[in-house]
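# Breakdown of the fold
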Amino acid sequence: MTRNITIEPLSASSFAPFGDVLDASGTPDKMINAGLCARHHDRANLDFGPDGRAGISIFNAEPRALPYSLTLMERHPDGSQAFLPMSDAAFLVIVAADDNGQPGTPRAFLTTPHQGINLHRGIWHGVLTPLKSPGIFAVVDRIGGTANLEEVHLDPPYLINA
Ligand SMILES: NC(=O)N[C@@H](O)C(=O)O
Ligand code: NI
């Protein structure tokens, strides 16, 4: 039995239950640098817990193709996780609400170039899934003494379609 999911457009409102959309859209909060730079200020709800700290890591992920077979979801109970592309690669953002400790039915979104996202603490998500090379991302997440990772293998998988 194939469980099909259709990709939805990514918007701040549609993604709000799961996290923040990070881009240079809309009116900037302030103009800086002698008016040569627009600052879209403080756009992510970052959370690293009482005993963690913020870290920036660089992920170099293999590009995937559509339709994409979603076989694994995970969450980070101790902190948020932001994905900031270091190229113009679009990427799949697959998230799900919690359903008694398991991911519920996933929702799939596709970013536009130069868009990042910040997943709020504990949100079920698919792993980083760029759709073209290079899949190089700066990732801002919690550095701490715990594993901060829960994984669920999906059987049967979901098929993510354009
Ligand atoms: N495990 C890891 O560092 N990456 C995942 O959390 C992911 O969301 O890609
Ligand atoms: Ni993750």
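What you see is a predicted model, and the numbers here were worked out from it, not measured in a lab.

### A word on the site of ligand 1
Taken together, F59, E74, H76, Q81, F83, H125, V127 and L128 make up all the residues around ligand 1. Within the contact set of ligand 1, an oxygen atom lies 2.9 Å away from a side-chain nitrogen or oxygen of H76. In the environment of ligand 1, an oxygen atom lies 3.0 Å from a nitrogen or oxygen atom belonging to the side chain of Q81. Considered on its own, ligand 1 offers 270 Å² of accessible surface; in the complex 75% of this is hidden by protein. For the shell around ligand 1, a count of residues per class yields 4 nonpolar, 3 polar and 1 charged.

### Describing the coordination of the nickel ion (ligand 2)
Coordination of the nickel ion (ligand 2) by the protein comes from E74 (OE), H76 (NE2), Q81 (OE1) and H125 (NE2), over a distance range of 2.1 to 2.2 Å. Note that the nickel ion (ligand 2) binds 6 donor atoms; their angles at the metal cover 72 to 172°, and the shape is irregular. Between the donor residues of the nickel ion (ligand 2), the gaps in sequence give the motif E-x1-H-x4-Q-x43-H. In this pair, E74 is assigned in strand β7 (residues 68–75) and H125 in strand β14 (residues 124–125), connecting sequence segments 51 residues apart. With a relative accessible area of 9%, E74 lands in the buried category. On the accessibility criterion, H125 (2% relative accessible area) is buried.

### What about the pattern of salt bridges?
Per the counting criterion, the structure on display carries 7 salt bridges. R121 is paired through a salt bridge with D47; the nearest N and O atoms lie 2.7 Å apart. Here the residue R121 occupies a position in the loop between β13 (116–119) and β14, and D47 occupies one in the loop between β5 (37–39) and β6 (53–60), the gap between them amounting to 74 residues. Among the ionic pairs, K132 bridges to D88, the shortest N-O distance being 3.2 Å. Of this pair, K132 sits in the loop between β15 (129–130) and β16 (136–143) while D88 sits in the loop between β8 (81–85) and β9 (91–96); the two residues are 44 residues apart in sequence, bridging distant segments of the chain. Residue classification places K132 among the partly exposed residues on the basis of a relative accessible area of 38%. Bridged by salt links that share partners, the residues R75, D98 and E150 form one connected network.

### Topic: the sheet that holds strand β3 (residues 19–22)
Read across the sheet, 5 strands follow the order β3-β13-β8-β16-β6 without closing on themselves; strand pairing throughout is antiparallel. Of all strands in the sheet, those bounded by a partner on one side alone are β3 and β6. Between one strand axis and the next, the sheet turns through 20° on average, direction left out of account. Here 4 bridges tie β3 to β13, and the two strands are oriented antiparallel to one another.

### Section: a nonpolar patch on the surface
The grouping of I56, I58 and M86 at the surface amounts to a nonpolar patch, some 350 Å² of accessible area in total. Looking at the secondary structure, you find I56 in strand β6.

### Focus on the nonpolar core
Judged by nonpolar contacts, the single largest core of 16 residues is most densely connected at F15, F83, V95 and I117. Counting only elements with at least two residues in this core, the list comes to β9, β13 and β16. Counting residues per element, this core draws most heavily on β9, which supplies 3 residues. Setting aside residues no more than four positions away along its own chain, F15 makes contact with L10, D20, V21, V93, V95, F109, I117, N118 and L119. Within the second largest apolar cluster, 14 residues are counted, among which are M73, L92, W124 and V152.

Rules behind the numbers
- Residues numbered from 1 in each chain as written.
- Chains lettered and ligands numbered in written order.
- Predicted model: local features only at pLDDT ≥ 70, side-chain atom pairs only at ≥ 80, totals over all residues.
- Heavy atoms only, no water.
- Near = heavy atom within 4 Å.
- Polar contact = N/O pair within 3.5 Å; in protein donor to acceptor, adjacent residues only side chain to side chain.
- Areas by Shrake-Rupley, 256 points an atom, 1.4 Å probe, with all protein chains shown as cover.
- Nonpolar A, V, L, I, M, F, W, Y, C, P; charged D, E, K, R; others polar.
- Donors = N, O, S within 2.8 Å, 3.2 Å for Na, K, Ca; no water.
- Tetrahedral: all angles 85-135°; square planar, octahedral: opposite > 155°, others 65-115°.
- Helix = DSSP H or I, 4+ residues; strand = E, 2+ residues; numbered from the N terminus.
- Buried < 20%, exposed > 50% of the residue type's maximum accessible area, 1.4 Å probe, protein only.
- Salt bridge = Lys/Arg side-chain N within 4 Å of Asp/Glu carboxyl O.
- Pairing = 2+ DSSP bridges.
- Axes fitted to C-alpha atoms, helices over the stretch in contact; angles between N-to-C directions.
- Patch = residues over 30% accessible without salt bridge, like charges linked within 9 Å, V, L, I, M, F, W, Y side chains within 5 Å.
- Core = buried A, V, L, I, M, F, W, Y, C linked by side-chain atoms within 4.5 Å.
- Contact = heavy atoms within 4.5 Å.

None of this, on its own, says anything about what the molecule does.
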